[in-house]
Amino acid sequence: MLAVRDSIRDGLIANVDWEDRTWYGVLPFLAYLVELAGGVALACGAAAGCAVLAACMGLLLIVGIHNAWDITVWTISRRRE
């Protein structure tokens, strides 16, 4: 949370485009919300909870791979000072 506060204060957050905001913030947040719903469904005895949890794990895996690749490409391609 401190990193977000500092980036807002320093104006760095204005340089983040919507694609990065989606991949790094929105998609993981939604996946964790659906994961919570899947856990509640399992606690209530619904069999669909297993499929929901599996889909969430798949989404989080895809998001993690994308973000790791994105950071790697950004690190390699950024200008050295």
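Provided above is the structure to which this section pertains.
Described in the following lines is the structure provided in the data block. Only a predicted model underlies this, so the values are computations on that prediction, with no experimental measurement involved. (Residues numbered from 1 in each chain as written. Predicted model: local features only at pLDDT ≥ 70, side-chain atom pairs only at ≥ 80, totals over all residues. Heavy atoms only, no water.)

**So, the environment of Leu 30**
Cut-off, in case you're wondering: Going along the chain from the N terminus, every DSSP run of H or I of four or more residues is numbered as a helix, and every run of E of two or more is numbered as a strand. Only protein chains enter the calculation, and the probe is 1.4 Å; a residue is then buried if its accessible area is under 20% of its type maximum, exposed if over 50%, and partly exposed in between.
Looking at where Leu 30 falls in the secondary structure, it is placed in helix H2 (residues 18-43). Residue class for Leu 30 comes out partly exposed when judged on its relative accessible area of 43%. Leu 30 sits 13 residues away from Ala 43 along the chain, and the two C-alpha atoms are 20 Å apart.

**Remarks on the packing of H2 against helix H3 (residues 48-77)**
Definition in use: As a rule, the C-alpha atoms of each element are fitted with a line to give its axis, helices using only the stretch in contact, and angles between N-to-C directions run from 0 to 180 degrees. To sort the angles, those under 35 degrees are grouped as roughly parallel, those over 145 as roughly antiparallel, those from 65 to 115 as roughly perpendicular, and the leftovers as oblique. Two helices that cross are described as forming a left-handed crossing if the nearer one is turned anticlockwise from the farther one by less than a right angle, and a right-handed crossing if clockwise. Three classes are used: nonpolar for Ala, Val, Leu, Ile, Met, Phe, Trp, Tyr, Cys and Pro, charged for Asp, Glu, Lys and Arg, and polar for all others, with Gly counted as polar.
Two numbers describe how H2 lies on H3: the axes approach to 9 Å, and their chain directions differ by 160°. Judged by the inter-axis angle, H2 sits roughly antiparallel to H3. At the point where H2 passes H3, the crossing takes the left-handed sense. When its residues are assigned to classes, the contact of H2 with H3 shows 19 nonpolar, five polar and four charged.

**Side note on a nonpolar patch on the surface**
As a reminder of what qualifies: Like-charged residues are merged into a patch within 9 Å and nonpolar side chains (Val, Leu, Ile, Met, Phe, Trp, Tyr) within 5 Å, provided each residue has over 30% relative accessible area and no salt bridge. In this description, accessible areas are obtained by the Shrake-Rupley approach with a 1.4 Å probe, and a residue is regarded as covered only by the protein chains that are shown. Put simply, a salt bridge is a Lys or Arg side-chain nitrogen that is within 4 Å of an Asp or Glu carboxyl oxygen.
On the surface, Val 26, Phe 29, Leu 30, Leu 33, Leu 36 and Val 40 cluster together into a nonpolar patch covering about 560 Å² of accessible area. Along the chain, the position of Val 40 falls in helix H2.

**Notes on the environment of Gly 11**
You can see Gly 11 is positioned in the loop between helix H1 (2-9) and H2. Taking relative accessible area as the criterion, Gly 11 reaches 34% and is therefore assigned partly exposed. On a C-alpha basis, the gap between Gly 11 and Tyr 24 in space is 18 Å, while along the polypeptide they are 13 residues apart.

**A few points about the side chain of Asn 67**
Under the convention used in this document: Two residues form a contact once any of their heavy atoms are found within 4.5 Å.
With respect to the helices and strands, Asn 67 occurs in helix H3. Dropping the residues within four chain positions of it, Asn 67 is found in contact with Trp 23 and Tyr 24.

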